[in-house]
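# Breakdown of the fold
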Amino acid sequence: MQTSLEVAGLWQISTTKHTTVGWALSSCRTSCLKQSERTALLLQVAFDKPEHLALLAQMKEFADIIEIGTPLLKRLGLSAITTARELCPEVMVLADTKTVDAGRFEADMVFGAGAAFMTVLSCATSATHEAVGKRAAAFGATVIVDTITEMGKAELLPLNAVFPESFGYVAVHSPTDARLAGNTSTSHIEAVRKMHDRGFLVSLAGGIGPDTLEAVIAVEPEILVVGSAITESASPKEVARWIRDRLPNPGRGWPWDRR
């Protein structure tokens, strides 16, 4: 059965690390959006190139989620997921599939390989969302709906958007190619509060690093995604440590009670 992500994805974070307690939207909107309850950031480190896998051992101390980025997933396939699981067994893995069709097949592949998360484009059909949602529920996994194709629009999601219950976060995502072409807009950072106002938990990605960290922390996404600022730096471990040390209540924000 489909339910609104505003209901299924909104959680009240307890004072116990990595523990969450779910409440109905109508009874917890105010308490869930309190400043004291939103300063709970998860650090997701995104790997996009084969050579980034050499950093896995260094990142397991700092990352809450290891992302197998779309280019890396296309280059190495499911072996990238299984490698991350083998080298960082205590860290959850996200497969950035950006699924737009064949949802059941892609979900079975990545969840079967050990991914705890996958991404599905917000512009995919409701049938694809439903297919992925069912398989995520069967695996005990979580889906992130990615709005990358909607960036720049007034509304990243239709006001009546509904998703399966296993969809846990909305990804507000600035496209890499747009940034490389010179687009310096921070509208994706500014959009986090609007998504929070609608009751969504947010994963924020795109051009995030030491230069933007203060602005990102101010809008308090649940997941902070950092890629090249760590993986392409001269000292990846030190940059990851620097970012992690500045996150308020790092390692919290899970929408469930398992780590």
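In the block above lies the structure referred to throughout.
My aim in this report is to walk through the structure given alongside it, one point at a time. (Residues numbered from 1 in each chain as written. Predicted model: local features only at pLDDT ≥ 70, side-chain atom pairs only at ≥ 80, totals over all residues. Heavy atoms only, no water.)

### Some details on helix 13 (residues 236–246)
- Those residues of helix 13 that sit buried are Pro236, Val239, Ala240, Ile243 and Arg244. Here the buried residues of helix 13 occupy an arc of 130° about the axis, which is enough to place them on one side. (Buried < 20%, exposed > 50% of the residue type's maximum accessible area, 1.4 Å probe, protein only. Helix = DSSP H or I, 4+ residues; strand = E, 2+ residues; numbered from the N terminus. Arc of directions from axis to C-beta.)

### Thoughts on the nonpolar core
- Counting 60 residues, the largest nonpolar core has Phe47, Ile66, Ile68, Ile81, Val172 and Ile243 as its most contacted members.
- Sort the elements by how many residues they give to this core and helix 10 (residues 187–197) lands first, with four residues.
- Excluding residues within four positions of it along the chain, Phe47 makes contact with His52, Leu53, Leu55, Leu56, Met59, Ile66, Glu67, Ile68, Gly69, Leu72 and Thr231.
- If you look at the next biggest cluster of nonpolar residues, it comprises 15 residues, including Ile65, Ile144, Ala171 and Leu201. (Core = buried A, V, L, I, M, F, W, Y, C linked by side-chain atoms within 4.5 Å. Contact = heavy atoms within 4.5 Å.)

### What to know about the sheet that holds strand 7 (residues 117–121)
- Here eight strands make up a closed barrel; going around it, the order is 4-5-6-7-8-10-11-12 and the pairing parallel. Neighbour-to-neighbour, the strand axes of the sheet open up by a mean angle of 25°, direction not taken into account.
- Note: strand 4 (residues 42–47) against strand 5 (residues 65–68), four bridges, orientation parallel. Bridge pairing in strand 5 links Val45 to Ile66. (Pairing = 2+ DSSP bridges. Axes fitted to C-alpha atoms, helices over the stretch in contact; angles between N-to-C directions.)

### Quick notes on the pattern of salt bridges
- Within this structure, the stated rule accounts for ten salt bridges.
- The residue Arg241 makes a salt bridge to Glu61 at a minimum N-O spacing of 3.9 Å. Here Glu61 lies in the loop between helix 4 (56–59) and strand 5 and Arg241 lies in helix 13, a separation of 180 residues in the sequence.
- Salt-bridge contacts for Glu238 lead to Arg241; the nearest nitrogen and oxygen are separated by 3.6 Å. Remark: Arg241 and Glu238 occur in helix 13; sequence separation between them is three residues, near one turn of the helix.
- Since its relative accessible area comes to 27%, Arg241 is described here as partly exposed.
- The network of salt bridges with common partners includes Glu61, Glu238 and Arg241. (Salt bridge = Lys/Arg side-chain N within 4 Å of Asp/Glu carboxyl O.)

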